[in-house]
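# A structural walkthrough
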Amino acid sequence: MIHCPVCATPNHHLNIVCSSCGGFVQGRVDNLDLFSTIWKLIERPRAAFLAIALARYKNYSTIVSAVGGIGMVFVFFWFIKAGDFTASAFNLVLGGFVAGPPAGVMLLATVSLFAAALIRSTGTPVRFRNLYAVLSYSLVPVVLSVVFVLPLEIFTFGRYFFSLNPPPWLLKPLSYYIFLSLGALVAGWTIFLAVTGMKVLLDCRWIVAAGIVSALSILFLLLSWCVRYFLVTPAV
């Protein structure tokens, strides 16, 4: 809740104007600037997510989810060891950059719909576009890894980073474990941002926000496992 500075009426924490007197209870945000929002997510994530939730136009949410989808597709390639199914790193790169954007947008839309249904079932009002924007900007660490880390992985290992023939940790063990550690840091940072964003959006306790993100993470893993099953399991 946020109290009106004019009449002291309690308002929803995302209200711009007071529901009683019509006075402004907090600043209006019309548009989001991509680079300043990313920097604010690094410096002050709670303030960044509040601006994202309050923004009238959720600029760049689809672009961020599309680029984040590239990162998620390459994680999926690593998970299924897609390098064992192709003789060229070019095929992996082409597949990741072609399939990644639509996969990221569709996956995030699916997860946001599930989250909206889950949250509304508890009697808490939430808008789909706010959920989509918050979860999208939570993927900023994945976007940064696509820009700065993924090219290094490709240049260092080629398709063998996504292969077991031979295992990449036998080819260049130090490099492989450094990249693996960076991946774990990106995953942890993404989860932290998602929990923070959920707390700001719903004005709930940390444990509730963490529980929602955990449920969404389980859904993501189940979807990934189903896709892996249909793509990799040989037909009988």
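First, a word on what this report is: a plain description of the structure on this page. (Residues numbered from 1 in each chain as written. Predicted model: local features only at pLDDT ≥ 70, side-chain atom pairs only at ≥ 80, totals over all residues. Heavy atoms only, no water.)

## Remarks on helix α3 (residues 61–80)
Structurally, the α-helix is built with 3.6 residues per turn, so residues lying three or four positions apart point the same way. Its 20 residues place the ends of α3 28 Å apart at the C-alpha level, agreeing with the 28 Å of an ideal helix rising 1.5 Å per residue. The element α3 is extensively covered by neighbouring structure, given that 14 of its 20 residues are classed as buried. The positive-phi residue at the C-terminal boundary of α3 is lysine 81, with phi of around 55°. (Helix = DSSP H or I, 4+ residues; strand = E, 2+ residues; numbered from the N terminus. Expected span 1.5 Å × (residues − 1). Buried < 20%, exposed > 50% of the residue type's maximum accessible area, 1.4 Å probe, protein only.)

## Concerning the nonpolar core
Of all hydrophobic cores here, the largest spans 46 residues; its most connected members are Phe49, Leu131, Tyr137, Met198, Leu201 and Leu202. Where this core is concerned, the elements lending two or more residues are α1 (34–43), α2 (45–54), α3, α4 (89–120), α5 (128–137), α6 (140–148), α9 (173–202) and α10 (206–232). Counting residues per element, this core draws most heavily on α9, which supplies 8 residues. Excluding anything up to four places from it in sequence, phenylalanine 49 contacts Leu41, Val134, Tyr137, Ser138, Leu193, Thr196, Gly197 and Val200. (Core = buried A, V, L, I, M, F, W, Y, C linked by side-chain atoms within 4.5 Å. Contact = heavy atoms within 4.5 Å.)

## A word on the layout of surface pockets
The volume enclosed by the largest pocket comes to roughly 1,600 Å³. Lining the largest pocket are 50 residues, with Gly71, Met72, Val75, Phe76 and Phe220 sitting closest to its centre. Counting residues per element, the ones that place at least two in the lining of the largest pocket are α3, α4, α6, α7 (150–157), α9 and α10. Along the lines of polarity and charge, the residues of the lining of the largest pocket split into 40 nonpolar, 9 polar and 1 charged. Those elements that place two or more of their residues in the lining of the second largest pocket are α2, α5 and α9. For the lining of the second largest pocket, a count of residues per class yields 9 nonpolar, 5 polar and 4 charged. (1 Å grid on protein atoms, 1.4 Å probe; cavity = no way out; pocket = protein on both sides within 12 Å on 5 of 7 lines; lining within 4 Å. Points joined across faces, edges and corners; volume = space filled by probe spheres on them. Nonpolar A, V, L, I, M, F, W, Y, C, P; charged D, E, K, R; others polar.)

## Here we look at the packing of α3 against α4
Contact geometry of α3 with α4 gives a least axis separation of 6 Å together with a crossing angle of 125°. Viewed along their axes, α3 and α4 adopt a mutual orientation that is oblique. In the packing of α3 onto α4, the handedness of the crossing is right-handed. Grouping the amino acids of the contact of α3 with α4 by side-chain chemistry returns 15 nonpolar, 7 polar and no charged. (Axes fitted to C-alpha atoms, helices over the stretch in contact; angles between N-to-C directions. Parallel < 35°, antiparallel > 145°, perpendicular 65-115°, else oblique. Left-handed = near helix turned anticlockwise from the far one by under 90°.)

## A look at the state of the cysteines
Enumeration over the complete set of coordinates arrives at 0 disulfides. Not engaged in a disulfide, the cysteine cysteine 21 finds its nearest cysteine sulfur in cysteine 4; these two sulfurs lie 3.6 Å apart. (Disulfide = S-S within 2.5 Å.)

## A closer look at the packing of α2 against α5
With their axes 9 Å apart at the nearest point, α2 and α5 run at an angle of 145° to one another. In the crossing of α2 with α5, the sense of the turn from one axis to the other is right-handed. Along the contact surface, α2 presents Phe49, Ile52 and Ala53, while α5 presents Asn130, Ala133, Val134 and Tyr137. Its residues placed into classes, the contact of α2 with α5 shows 6 nonpolar, 1 polar and no charged.

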